[in-house]
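So you can see what is in the structure, the chains are spelled out below.
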Amino acid sequence: MSLVCGPLAFFDSGYGGLTIMESVRSLLPQYDYVYLGDNARNPYGTRSFDVVYQYTLECVNKLFDLSSPLAIIACNTASAKALRTIQQNDLPRIDATRRVLGVIRPSVEAIGEYTRTGHVGVFATQGTVDSLSYPMELQKLRPDITVHQQSCPMWVPLVENSEYNDEGADYFVRKYCDALMSQSDKIDVVILACTHYPLLLPKIRKYIPSDVKVICQGDIVAHSLKDYLERHPEMESRLTRGGTVRFLTTENPHKFKFTAKVFFSGDLDVQQLT
């Protein structure tokens, strides 16, 4: 059986995964890329594990139908609720030569390098917080680290409605920053564990103590993926090289184009999926 060759694929329930793909493309511009946003069924953050798994698997299968040998789940909620099941149960049945990776493990591996006090803060959706993925993964790698989580239900709507620069956004940014920092005065590093949150970074920095480091996932995931491909040349050789980018959405393509400009620079060729 010949191995499938094709684009490097990215999936998110919405638009935030575009920040991850942008970071990867900046580091690895030679490959072809395809992005799938399940915008019609967004948000995933408040949905059950079973529903998120079902939706994520459908999207991964679609990316495989497009000949992608490697799919990145650029969504913390989907990574938390669906990735492990897909890797362990579905990939062997679908095609054992393909791979699906997430954004949580690279983030966890990196965050241990930054903390000196052993107290780490996590801003995330309610779904990611409830999954306990960050505390569990850190427990495996660095059991000496204490994790403090804070859900931020208003941050994604602020970003997707292009209100993240408005003065009104400050109330919700300060509210969740204060809630997290009140959990411990030893927190010295905070990770933005949702791909939408980097757009709120200037406001987050206003309300987080200046000596606390705030980490975005884009560069972490990009360098982790680069390292992965260097360690797995059998996968790297299957990624086609044309520098193209293709966008797919389950929503209206014009709506996707309008909102995606917040996250992605340049012209977008968008196709709607049913």
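Residues numbered from 1 in each chain as written. Predicted model: local features only at pLDDT ≥ 70, side-chain atom pairs only at ≥ 80, totals over all residues. Heavy atoms only, no water.

A. Main features of the pattern of salt bridges. Counted under the stated rule, the structure contains 16 salt bridges. Across the salt bridge formed by Arg-25 and Glu-22, the nearest N and O atoms sit 3.3 Å from each other. One end of the pair, Arg-25, and the other, Glu-22, are both in helix α1 (residues 17-27), three residues apart, so they sit about a helical turn from each other. We note a salt bridge from Asp-170 to Lys-203, for which the minimum N-O separation is 2.6 Å. Of this pair, Asp-170 sits in helix α9 (residues 169-181) while Lys-203 sits in helix α10 (residues 201-207), and the two are 33 residues apart along the sequence. (Salt bridge = Lys/Arg side-chain N within 4 Å of Asp/Glu carboxyl O. Helix = DSSP H or I, 4+ residues; strand = E, 2+ residues; numbered from the N terminus.)

B. Inspection of the environment of Pro-92 at higher detail. Counting through the fold element by element, Pro-92 comes out in helix α4 (residues 83-94). Note on Pro-92: relative accessible area 52%, which makes it exposed. With 70 residues separating them in the primary sequence, Pro-92 and Glu-22 have C-alpha atoms 30 Å apart. (Buried < 20%, exposed > 50% of the residue type's maximum accessible area, 1.4 Å probe, protein only.)

C. Spotlight on the nonpolar core. If you look at the biggest cluster of nonpolar residues, it comprises 55 residues, and the most contacted ones within it are Phe-10, Leu-18, Phe-123, Trp-155 and Ile-204. Of all the elements, α9 adds the most residues to this core, at six residues. Leu-18 has contacts with Tyr-35, Phe-247, Phe-256, Ala-260, Phe-263 and Phe-264, leaving out every residue within four places of it along the chain. Membership of the second largest hydrophobic core comes to 23 residues, among which are Ala-9, Cys-59, Phe-64 and Leu-248. (Core = buried A, V, L, I, M, F, W, Y, C linked by side-chain atoms within 4.5 Å. Contact = heavy atoms within 4.5 Å.)

D. Inspection of the packing of helix α5 (residues 104-111) against helix α7 (residues 133-141) at higher detail. Two elements in contact, α5 and α7, have axes separated by 10 Å at closest approach and are oriented at 55°. Judged on the interaxial angle alone, α7 and α5 are oblique. When the axes of α5 and α7 are compared, the crossing they make is right-handed. Here Ile-104, Arg-105, Ser-107, Val-108, Glu-109 and Ile-111 of α5 lie close against α7, whose contacting residues are Ser-133, Tyr-134, Glu-137, Leu-138 and Leu-141. Here the residues of the contact of α5 with α7 sort into six nonpolar, two polar and three charged. (Axes fitted to C-alpha atoms, helices over the stretch in contact; angles between N-to-C directions. Parallel < 35°, antiparallel > 145°, perpendicular 65-115°, else oblique. Left-handed = near helix turned anticlockwise from the far one by under 90°. Nonpolar A, V, L, I, M, F, W, Y, C, P; charged D, E, K, R; others polar.)

E. Focus on the pairing of strand β5 (residues 119-124). Taken across its six residues, β5 has six buried, putting it largely inside the fold. In β5, alternate side chains face the same way, and those of His-119, Gly-121 and Phe-123 on one face and Val-120, Val-122 and Ala-124 on the other are all buried. Judged from the four bridges that link them, β5 and strand β7 (residues 189-192) form a sheet pairing that is parallel. In the sheet register, Phe-123 faces β7, and the bridge partner there is Leu-192. (Pairing = 2+ DSSP bridges.)

F. Quick look at the environment of Met-154. Structurally, Met-154 can be placed in the loop between β6 (146-151) and α8 (155-160). The partly exposed category is assigned to Met-154, whose relative accessible area is 30%. Once residues lying within four places of it in the same chain are set aside, the contact partners of Met-154 are Phe-172 and Tyr-176.

G. Region of interest: helix α11 (residues 217-231). Taking 1.5 Å of rise per residue, the 15 residues of α11 would be expected to cover 21 Å, and the 21 Å separating its terminal C-alpha atoms lies within 8% of that figure. Residues Gln-217, Gly-218, Ile-220, Val-221, Ala-222, Leu-225, Tyr-228 and Leu-229 constitute the buried set of α11. (Expected span 1.5 Å × (residues − 1).)

H. Geometry of the packing of aromatic side chains. Under the defined criterion, the tally for this structure stands at 11 aromatic pairs. On the numbers, 6.2 Å between centres and 50° between planes, the contact of Phe-11 with Tyr-44 is tilted. Placement of Phe-11 in strand β1 (residues 8-12) and of Tyr-44 in the loop between β2 (33-37) and α2 (49-65) is noted, with a sequence separation of 33 residues between them. Both residues of the pair, Phe-11 and Tyr-44, count as buried. Ring geometry for Tyr-35 and Phe-247: centres 6.5 Å apart, planes at 55°, overall tilted. Of this pair, Tyr-35 sits in strand β2 while Phe-247 sits in strand β9 (residues 245-249), and the two are 212 residues apart along the sequence. We classify Tyr-35 as buried; its relative accessible area is 0%. Overall, the relative accessible area of 1% leaves Phe-247 in the buried class. (Phe/Tyr/Trp six-rings, centres within 6.5 Å; stacked < 30°, edge-to-face > 60°.)

The analysis is restricted to geometry; functional conclusions fall outside its scope.
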